[in-house]
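If you want the building blocks of each chain, they are given just below.
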Amino acid sequence: MSTLRVPEIVPPPAQDCETLRKAFQGWGTDEKAIIRVLGQRNASQRRIISETYQQLYNESLIDGLYSELSGDFRNAVILWAYDPPERDARLAKDALKMRKKGISHLQVIVEIACASSPHHLMSVRQAYCSFFESSLEEDITANVSLPLRKLLVGMVSSYRFDKEMVDLDVAKLEAAKLHEAINKKQLDHDDVVWILSTRNVYQLQATFEFYKQNYGNSIDQDIKRCSNGDLASLLKVIIYCIDSPEKHFAEVIRASIVGLGTDEDSLTRAIVMRAEIDMMKIRGEYFEMNKTSMDNAVIGDTSGDYKDFLMTLLGAKI
């Protein structure tokens, strides 16, 4: 499901560090060498490279990348170079620091909470406390107003069971509770928050399927009919990330590309977050939704080293 291409024979971390060090030195930066090394290493390998670089040169690899690169290429490479829990903690912090926080900003928190494993979410919360001296829950409470706050705190505070356990009787009962809350336009009802934040992914997928069978519409369709405000939009993102994260990220990539200009931050986030998880599935969903190649769309809307780096993460040979 990953699109990342790691060579069969990977050089020792010290050799990769030497290659990166040489890429930083001299009159110009060797961007291709940086792409070749970091763009073809998995998360554990990148973590060791970063640690080794600090030991060898008494300098941070992130600082070196920041100093030598620029623009969208720099942002993408640095985001990729971070250890995933630190990366996502920083993405969440950046979203919460925005003065005007729309759903497009807050959805990264939902992606972290609902489209990743319980273990990863816990690691992100620990990293957040370590780097920012406050909890993710505290910062959501301080920076997001009700009713969005209630939903987000519920999602990030959860620790879902991660095995495939489904109780069909519970799914049917909770589909009814969700339907009742949506009919009453109580999208932040305690039952809604509790069900979506505590049940395991497989249980919730069964609940959504019961909902559609029993009430004729998918749950996201009924939410859309109920309201078109921020609360409904956030709730739909939560459901998409739980029910089909690959469809959600395919839509994030599509939305980042269509129209005038490119939303490079969203495009970078989607590819960096999912390249090692389910990007093959996302590529397939993108084609099903748009009847066109995701890779060609990315190539058509990006350029230079930024394009080469993203395409490397998507498995292209540059």
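Before any of the text, the structure's been laid out above.
Reference entry: report on the structure contained in this document. (Residues numbered from 1 in each chain as written. Predicted model: local features only at pLDDT ≥ 70, side-chain atom pairs only at ≥ 80, totals over all residues. Heavy atoms only, no water.)

### So, the overall build of the chain
To keep it simple, the criterion reads: Think of it this way: any DSSP run of H or I at least four residues long counts as a helix, any run of E at least two long counts as a strand, and we number them from the N terminus. The size measure is the radius of gyration over C-alpha atoms, and the globule rule it meets is 2.2 Å times the number of residues to the 0.38 power. With a 1.4 Å probe rolled over the protein chains alone, any residue whose accessible area is under 20% of its type maximum counts as buried; one over 50% counts as exposed, and the rest are partly exposed. Contacts are assigned to residue pairs with any non-hydrogen atoms lying within 4.5 Å of each other. A 1.4 Å probe and the Shrake-Rupley method give the accessible areas. Residues count as covered only by the protein chains that appear here. Counted as positive: Lys and Arg. Counted as negative: Asp and Glu, with His and the chain ends omitted from the count. Charge positions are represented by NZ for Lys, CZ for Arg, CG for Asp and CD for Glu.
When helices and strands are tallied, the chain shows 20 helices and zero strands. Against the compact-globule benchmark of 20 Å for 318 residues, the chain has a radius of gyration of 21 Å, which places it among compact chains. Dimensions of the chain, computed from the C-alpha atoms along their principal axes, are close to 65 × 45 × 40 Å. Here the chain holds 318 residues, and 49% of them are scored as buried. A fraction of 71% describes how many contacts in the chain between residues 6 or more apart in sequence connect residues 24 or more apart. Per element, the accessible surface of the chain, about 15500 Å² overall, is 49% carbon and sulfur. Treating the 39 positive side-chain charges of the chain as one cloud and the 46 negative ones as another, the clouds have centres 3 Å apart.

### With respect to a nonpolar patch on the surface
Heads up, the condition is: Residues form patches when they are more than 30% accessible in relative terms and have no salt bridge. Like charges link within 9 Å. Nonpolar side chains (Val, Leu, Ile, Met, Phe, Trp, Tyr) link within 5 Å. Salt bridges are identified by distance alone: a Lys or Arg side-chain nitrogen within 4 Å of an Asp or Glu carboxyl oxygen.
Together, Val166, Leu168 and Tyr202 make up an exposed nonpolar region whose accessible area comes to about 260 Å². Tracing the backbone through its elements, the reader meets valine 166 in the loop between α10 (148-156) and α11 (168-183). Accessibility expressed as a relative area gives 41% for valine 166, which makes it partly exposed.

### Things to note about the environment of glutamine 186
If you trace the backbone, glutamine 186 turns up in the loop between α11 and α12 (190-198). A relative accessible area of 33% means that glutamine 186 is categorised as partly exposed. It is 9.4 Å that separates the C-alpha atoms of glutamine 186 and cysteine 226, two residues lying 40 residues apart in sequence. Setting aside chain neighbours within four positions, we find glutamine 186 in contact with Ala181 and Val192.

### Quick word on the side chain of arginine 46
Selection rule: Pairing of N or O atoms within 3.5 Å defines a polar contact, subject to two protein rules: one partner must be a possible hydrogen donor and the other a possible acceptor, and residues neighboring in sequence count only if both atoms are side-chain atoms.
On the secondary structure map, arginine 46 appears in helix α3 (residues 43-57). A distance of 3.0 Å separates polar atoms of two side chains, one belonging to arginine 46 and the other to glutamate 276. Not counting chain neighbours up to four residues away, the residues in contact with arginine 46 comprise Leu38, Arg41, Trp80 and Glu276.

### Description of the packing of α11 against helix α13 (residues 201-215)
Which entries qualify depends on this criterion: Helix axes are fitted to C-alpha atoms over the stretch in contact, other axes to C-alpha atoms as well, and angles between N-to-C directions run from 0 to 180 degrees. The handedness criterion is simple: a crossing whose near helix is rotated anticlockwise from the far helix by less than a right angle is left-handed, and one whose near helix is rotated clockwise is right-handed. Throughout this entry, Asp, Glu, Lys and Arg are counted as charged residues, while Ala, Val, Leu, Ile, Met, Phe, Trp, Tyr, Cys and Pro are counted as nonpolar. The remaining residues, Gly among them, count as polar.
Remark: α11 packs on α13, axes separated minimally by 8 Å, with the N-to-C direction vectors making an angle of 65 degrees. The crossing of α11 and α13 is right-handed. Facing α11, whose interface residues are Leu168, Val170, Ala171, Lys172, Glu174, Ala175, Ala176, Leu178, His179 and Ile182, α13 presents Gln203, Ala206, Thr207, Phe208, Phe210, Tyr211, Asn214 and Tyr215. The class makeup of the residues in the contact of α11 with α13 is twelve nonpolar, four polar and two charged.

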